[in-house]
Amino acid sequence: VAARTLERLVRDHPEKARVYEMLGDLYLIRRGFVRAAASAYVREGRQFRLMDKNVQAASTRRRGRQTLAELPALRMRATWAFKNARRCDPDSAQSRIRLANLLRGGANPNYEQALAELGEGLKRSDRIPERYVVVARLIRADLMRRTGKLDEALSDMKALLSEKPKNSSVALNYIELL
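Undergrad: Quick rundown of helix α8 (residues 150–163)? Include the residues and the values.
TA: Spacing of three or four residues puts side chains on the same side of an α-helix, whose turn is 3.6 residues. Given a rise of 1.5 Å per residue, 14 residues ought to cover 20 Å, and the 20 Å separating the end C-alpha atoms of α8 matches this to within 8%. Taken together, the buried positions of α8 are A153, L154, D156, M157 and L160. In an axial view of α8, the angular spread of the buried residues amounts to 165°, which keeps them on one side of the axis. In this structure, α8 carries D151, K158 and S162 as exposed residues pointing more than 90 degrees from its buried face.

This is the structure we're talking about:
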């Protein structure tokens, strides 16, 4: 119901960046629920198999596969929503960070575009909470590592570690890069 309402709002007000952001967040939340439901179906199928109820086990596994099939579509919808939010409000750093996080995952990651989005988002870091800046820099270091820019990733993580010496996420990510 919420997704349909937001989709209707997007159709009626295509210039509102916040509506696109809320829709993208909703798709991401739904992805989490779909993933949890699929794993529940797998567990339920195992239980039916253990009880020697093969018909119910096969039906449950089929429902789990159908549920998992929704995940790529939800990722694409969330990506679409955050791209439109960025189009409506180019200064929105949070939309750029969320979009970069989506672009770096999935079946066809686009690391270069994700790095570009993070770069633009971090230019506007004075407009977002500090925790988002830290997350964006962690994501950027990971993307640099994946694209073969390990020296840049290490120097960026050293700088972040000197700024946030008590942040355990920063320390763990720095150790992982070494």
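Undergrad: An account of the pattern of salt bridges is needed here, citing residue identities and associated values.
TA: With the rule as written, the count across this model stands at 14 salt bridges. Among the salt bridges present, the one from R86 reaches E117, with a minimum N-O distance of 2.3 Å. Here E117 lies in helix α6 (residues 111–123) and R86 lies in helix α4 (residues 70–88), a separation of 31 residues in the sequence. Each of the two residues, R86 as well as E117, counts as buried. Residues D142 and R146 are paired through a salt bridge, measuring 2.9 Å at the closest nitrogen-oxygen approach. With a gap of four residues between them, D142 and R146 both fall in helix α7 (residues 130–146), about one helical turn apart. Where salt bridges share partners, they join D91, E120, K123 and R124 into one cluster.

Undergrad: If you had to explain the confidence of the model for the protein to someone new, which residues and values would you point to?
TA: When the pLDDT values of the protein are averaged, the result is 83; 84% of them are 70 or greater. The least confident element of the protein, judged by mean pLDDT, is helix α3 (residues 54–68) at 65; the most confident is α8 at 91.

Undergrad: Can you lay out the nonpolar core for me, pointing to particular residues and giving the numbers?
TA: Core analysis: the largest hydrophobic core is formed by 39 residues, its most contacted members being L118 and M157. Mapped by element, the contributors of at least two residues to this core are α1 (2–12), α2 (17–50), α4, α5 (93–103), α6, α7, α8 and α9 (168–177). Per-element accounting of this core gives the leading share, eight residues, to α7.

Undergrad: Please set out α6 residue by residue, giving values where relevant.
TA: Here α6 contains 13 residues, and its C-alpha end-to-end distance of 18 Å stays within 8% of the 18 Å for a straight helix at 1.5 Å per residue. Among all positions in α6, only A114, L115, E117, L118, G121 and L122 are buried. The buried residues of α6 occupy one face: seen down the axis, they fall within an arc of 165°. Buried residues along α6 sit against α4, α5 and α7.

Undergrad: Provide a residue-level description of the packing of α7 against α9, including the pertinent values.
TA: Between α7 and α9, the least distance of the axes is 11 Å, while the angle of their chain directions is 5°. The orientation of α7 relative to α9 falls into the category roughly parallel. Contacts from V134, L138, A141 and R145 in α7 reach S169, V170, N173 and L177 in α9. For the contact of α7 with α9, a count of residues per class yields five nonpolar, two polar and one charged.

Analysis parameters
- Residues numbered from 1 in each chain as written.
- Predicted model: local features only at pLDDT ≥ 70, side-chain atom pairs only at ≥ 80, totals over all residues.
- Heavy atoms only, no water.
- Helix = DSSP H or I, 4+ residues; strand = E, 2+ residues; numbered from the N terminus.
- Expected span 1.5 Å × (residues − 1).
- Buried < 20%, exposed > 50% of the residue type's maximum accessible area, 1.4 Å probe, protein only.
- Arc of directions from axis to C-beta.
- Salt bridge = Lys/Arg side-chain N within 4 Å of Asp/Glu carboxyl O.
- pLDDT = per-residue confidence, 0-100.
- Core = buried A, V, L, I, M, F, W, Y, C linked by side-chain atoms within 4.5 Å.
- Contact = heavy atoms within 4.5 Å.
- Axes fitted to C-alpha atoms, helices over the stretch in contact; angles between N-to-C directions.
- Parallel < 35°, antiparallel > 145°, perpendicular 65-115°, else oblique.
- Nonpolar A, V, L, I, M, F, W, Y, C, P; charged D, E, K, R; others polar.

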